[in-house]
Protein chains: 2
Amino acid sequence: MQLVTIKDIYRETDRFLNQKVELSGWVRTVRSSKAFGFIEINDGSFFENLQVVFEESLANFAEIGKLTISSALRIQGTLVPSPGAKQPFELKAESIEVLALSAVDYPLQKKRHTFEYLRTIAHLRPRTNTFAAVFRVRSVVAYAIHKFFQEKGYVYVHTPIITGSDAEGAGEMFRVTALDMAKPPKDEAGNLDFSKDFFGRETSLTVSGQLNVETYCMAFRNVYTFGPTFRAENSNTARHAAEFWMIEPEIAFADLHDNMNLAEEMMKFIIQYALDNAPEEMAFFNNFVDKTLFNRLENILSSEFGHITYTEAVGLLEKENANFEYPVHWGIDLQTEHERYLTEKIFKKPVFVSDYPKDIKAFYMRLNEDNKTVAAMDLLVPGVGEIIGGSQREERLEVLQSRMEEFGLNAEDYGWYLDLRKYGGVKHAGYGLGFERVIMYLTGMSNIRDVISFPRTANTCEF
Amino acid sequence: MQLVTIKDIYRETDRFLNQKVELSGWVRTVRSSKAFGFIEINDGSFFENLQVVFEESLANFAEIGKLTISSALRIQGTLVPSPGAKQPFELKAESIEVLALSAVDYPLQKKRHTFEYLRTIAHLRPRTNTFAAVFRVRSVVAYAIHKFFQEKGYVYVHTPIITGSDAEGAGEMFRVTALDMAKPPKDEAGNLDFSKDFFGRETSLTVSGQLNVETYCMAFRNVYTFGPTFRAENSNTARHAAEFWMIEPEIAFADLHDNMNLAEEMMKFIIQYALDNAPEEMAFFNNFVDKTLFNRLENILSSEFGHITYTEAVGLLEKENANFEYPVHWGIDLQTEHERYLTEKIFKKPVFVSDYPKDIKAFYMRLNEDNKTVAAMDLLVPGVGEIIGGSQREERLEVLQSRMEEFGLNAEDYGWYLDLRKYGGVKHAGYGLGFERVIMYLTGMSNIRDVISFPRTANTCEF
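Residue positions within a chain follow its written sequence, with the count starting from 1. Naming scheme: in the order in which they are written, chains are lettered from A and ligands are numbered from 1. Only residues with pLDDT of 70 or above have their local features reported here, since the model is predicted, and side-chain atom pairs are shown and tallied only from 80 upward, although totals for entire chains, interfaces and linings are computed over all residues. Here the side-chain values reflect all heavy atoms present in the structure, with hydrogen atoms and water set aside.

**Q** Could you clarify how one ought to interpret the interface of chain B and chain A in this entry?
**A** Accessible area lost during the coming together of the parts is what is often quoted as the interface size. Tallying the contact residues gives 108 residues for chain B and 108 residues for chain A. Here the buried area means the combined drop in accessible surface, using a 1.4 Å probe, for two parts upon being joined, counting both sides. Summed over both partners, the interface of chain B with chain A comes to about 8,700 Å²; 63% of that surface belongs to carbon and sulfur atoms. Salt-bridge detection follows one rule: a side-chain nitrogen of Lys or Arg within 4 Å of a carboxyl oxygen of Asp or Glu. Joining chain B to chain A, the criterion identifies 6 salt bridges. Across the pair Arg221(A) and Asp43(B) runs a salt bridge, and its minimum N-O distance is 3.5 Å. Pairs of N or O atoms within 3.5 Å make up the polar contacts considered here, provided that, within protein, one atom can donate a hydrogen while the other can accept it, and that residues adjacent in sequence are counted only when both atoms are side-chain atoms. Put simply, chain B and chain A have 41 residue pairs in polar contact (both at pLDDT 80 or more) between them. With 13 residues, helix 5 (residues 129-151) of chain B is the single largest residue contributor to the side of chain B that touches chain A. Any residue that is not Ala, Val, Leu, Ile, Met, Phe, Trp, Tyr, Cys, Pro, Asp, Glu, Lys or Arg is counted as polar, Gly included; the first ten are nonpolar and the last four charged. Across the side of chain B that touches chain A, the residue classes tally to 58 nonpolar, 30 polar and 20 charged. At least two bridges found by DSSP between two strands are what make those strands a pair. The numbering of helices and of strands both runs from the N terminus, where a helix is a DSSP run of H or I of at least 4 residues and a strand a run of E of at least 2. Where strand 9 (residues 175-177) of chain A lies against strand 9 (residues 175-177) of chain B, 3 bridges are found, and the strand directions are antiparallel. Along strand 9 of chain B, the bridge assignment pairs Val176(A) with Val176(B). Here a residue-residue contact requires only that any non-hydrogen atoms of the pair lie within 4.5 Å.

See below:
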């Protein structure tokens, strides 16, 4: 008797066909007549279920016929070719042991449930087809990202989650404290005394690891982060969460074009990896969630991504101002409608928009020769708009200092960041990729709450 | 002219010997005489430096001879066999361009610095040999962990960082809030009103992803987490940090022995992976940080780990009570001195201690038949003591409920956790591995502050 998983059976069918095997799993459905019955069983190892046939010769035939959904079983039997058309094989049970009987009020009965309802049972939803597919793809893609960078020799850096700085001012931050909020210590002037807090100062949750990871870039040349980041922003949209994971590569001796090339190569790698390593799940999404999915992904894989400057893009978009809710003119930040028009109507493929006006971008982006734009880039993809944002960083100490002054930043707070420019600071660049946005893009799922195991959003922190 | 990295040159020497190449990197040392000079250059791609020879024929010979440490260069030249014994090859420079001149007050001059001092310049310390080695090994081992689990089909789950529950009561927690701490909202009774906070409730930073990941274990069978966890504990030791990363696998249809087998296989895998994929760094640690390192790691690789129950271990240790600061008797939690005695003196190899008294372990651990002990296990290793802690989980609903009552836990707060037992809850088990502890063990570094890029400890949250 060989112990097997359902994945083993699907992936190495020839090896197990007509063999006696033993497996354990959970009941997805049971139906039975007087003489025989069928169980669809899933053991978590694989997206597809296995069909189990049992007959009245089974000692506990009556008990098995009445099994509740999600009950756990250990089954011994022989894998045989299936007479049915639906699957090429089935397991003919010789013994079925009930390991755990599920209660009759199990919420995931056969009928379809809305995603909204399933969010209220986030601890059970990975047992449904959709969420089993989402979270296996999420896992596979997380690994693809590590594989991509590690095989290129990039060093993975765990940048800090708790931070004493407000980084790039990228967004509202959550405070982290160990003080008694009911009776917080105050100083003589009556102000809150954070010197009494755990870290001896005010601390928050990070919004980006970029500034920290730049320090490692100047040592290891090519580095990346992959960790959680936070925004205390009350934006109740389908694309925003208070807690999400981000990937931030940073490369030295490199400029904006190297940065765009890396982003293009990475996107293609992870798409191909998901298609190759979660084929059943990806087919499920293409069939049941977004019928344009495979076309969309194939289009990315086979395209050379387009390139256009912000200034050129504005020139093209201005001609279409009649079609936009927000008319375009030079100096504005592009809206999703503009981004999608560029990538879907004009380029019909992914496109990098580069060299944005300096006033709408962060202080650390490298000032261009025109003194009006910075070496920033966004990657826009059909169906979504922006999926990556990055820049070449300002490596010239004096320029960086004067940019910080323009932004009203205190140079003392950034001494270590400025040191990177003092001590052999070379050209470098990097970008940020919101991990959940990628998973939404790769699966067709339209709400960020449905690609995070236990989502944290305004007024929601369950489980 | 081929663009190369120093890693390319070391790994594929034959391909580049007597070829013209171009590379960029940072100066580690320069020395020069009237007619020629040497630069040790490092480009971040590899642990070792490359020796560059330059001669007075170079247009900027005088400038190069006076280069400051950490200046960045682009060098074109020919890779030639080296007449010196120290390395087999060197780069004979034909042109050297200064990309960035480092300031003369660069803190990492040639003299040795203490680890304490280097912590104050955590943004520069990865440029030293020791920290370059530490953080490359950290990256390589992080990848090894993903590789180990992914190749077995485990699903990587990002469990939440911000949590509304106090999980297992595993330690003091940091509060997360978006309230104005100077004027927090109060309810009619004068108590803090967390319903006005961002999430509409009190929230904290997670101390463990275990309870959350158990929900995914009951769907995917084999799962793991790898993410940051937090303790607001003012323990100023070399082994504790307020923010650290943890790996928590969880396996279904599995008991404590499966759990121990998995832990043993994983430990061996990641040690072998580090030795194979960071050989220069590991040799550096063995030569300069801990001369017993290779012996210690080889001992782990070649041992079958020992197994002993807590009760048996106490029987053995009691005979040695005269040697201990804290005498042993049944019921106490083992101290590091006892753990090390077991693994170093008695077993002389890694050993699992299992089946601890229920009163010193967490509520979710499976109660044994004796009603006195639980199916817990710790892995003890020579030189450190405990490196992994885990257990089989209590899958029996009634037993779990009565254990929660004993612990004074409110069943309502754990409804979703209890659901896992109601709806097909099978035997399952898991463990936690502190990532920084592993890195300390693999490198011989003795302070956790020296294996975290920007450590967060009581009164320290710099950068």
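Now that the structure has been shown, we can carry on.
**Q** In this structure, what is going on with the pairing of strand 16 (residues 385-392) of chain A? I would like to understand it.
**A** A regular strand places its side chains on the two faces of the sheet in alternate fashion. Residues and elements named next belong to chain A. Accessible area is worked out with a 1.4 Å probe on protein chains only. A residue is then buried under 20% of its type maximum, exposed over 50%, and partly exposed in between. Most of strand 16 sits inside the fold, with 6 of its 8 residues counted as buried. Note that strand 15 (residues 373-381) and strand 16 share 6 bridges and pair antiparallel. Bridge pairing links Leu380 to Glu386 in strand 16. Linking strand 15 to strand 16, which pair antiparallel, is a turn of 3 residues; within it Gly383 sits at a positive phi near 90 degrees. Pairing analysis gives 5 bridges linking strand 16 to strand 17 (residues 428-434), with the strands arranged antiparallel. Across the sheet, Ser391 pairs through a bridge with Gly430, a residue of strand 17.

**Q** Even after reading the chapter, I still don't get the packing of aromatic side chains, so can you show me in this structure?
**A** Aromatic ring pairs are reported here in terms of the distance separating the ring centres and the angle at which the planes meet. Under the pairing criterion, centres of Phe, Tyr and Trp rings, with the six-membered ring standing for Trp, must be within 6.5 Å; the plane angle then separates stacked pairs below 30 degrees from edge-to-face pairs above 60, leaving the rest tilted. If you walk through the whole model with that rule in mind, you get 78 aromatic pairs over all chains. Ring centres of Phe324(B) and Tyr341(B) lie 5.4 Å apart, and the angle between their planes is 85 degrees; this geometry places the pair in the edge-to-face category. Remark: Tyr341(B) occurs in helix 11 (residues 336-346) and Phe324(B) occurs in the loop between helix 10 (310-318) and helix 11; sequence separation between them is 17 residues. The pair formed by Phe324(B) and Tyr341(B) is uniform in burial state, with each residue classed as buried. An angle of 70 degrees between the planes, with centres 5.6 Å apart, marks the rings of Phe363(B) and Tyr414(B) as edge-to-face. Placement of Phe363(B) in the loop between strand 14 (351-357) and strand 15 (373-381) and of Tyr414(B) in the loop between helix 12 (397-406) and helix 13 (415-422) is noted, with a sequence separation of 51 residues between them. With a relative accessible area of 5%, Tyr414(B) lands in the buried category. Distance and angle both matter: a charge sits over a ring if NZ of Lys or CZ of Arg is within 6 Å of the ring centre and within 35 degrees of the ring normal. Directly above the aromatic system of Tyr441(A) lies the positively charged group of Arg296(A), at a separation of 4.5 Å from the ring centroid.

**Q** How should the sheet that holds strand 12 (residues 243-252) of chain B be read in this particular structure?
**A** Residue and element names in this part refer to chain B. With mixed pairing, the 8 strands of this open sheet are ordered in space as 7-11-12-17-16-15-14-13. Every other strand in the sheet has two partners, leaving strand 7 (155-156) and strand 13 (306-309) as the edge strands with one partner each. Angles shown run from 0 to 180 degrees and are taken between the N-to-C directions of axes, each axis being a line fitted to C-alpha atoms and, for helices, limited to the stretch in contact. Sitting on the sheet, helix 11 is in contact with strand 14, strand 15 and strand 16 (385-392), with an inclination near 65 degrees to strand 15.

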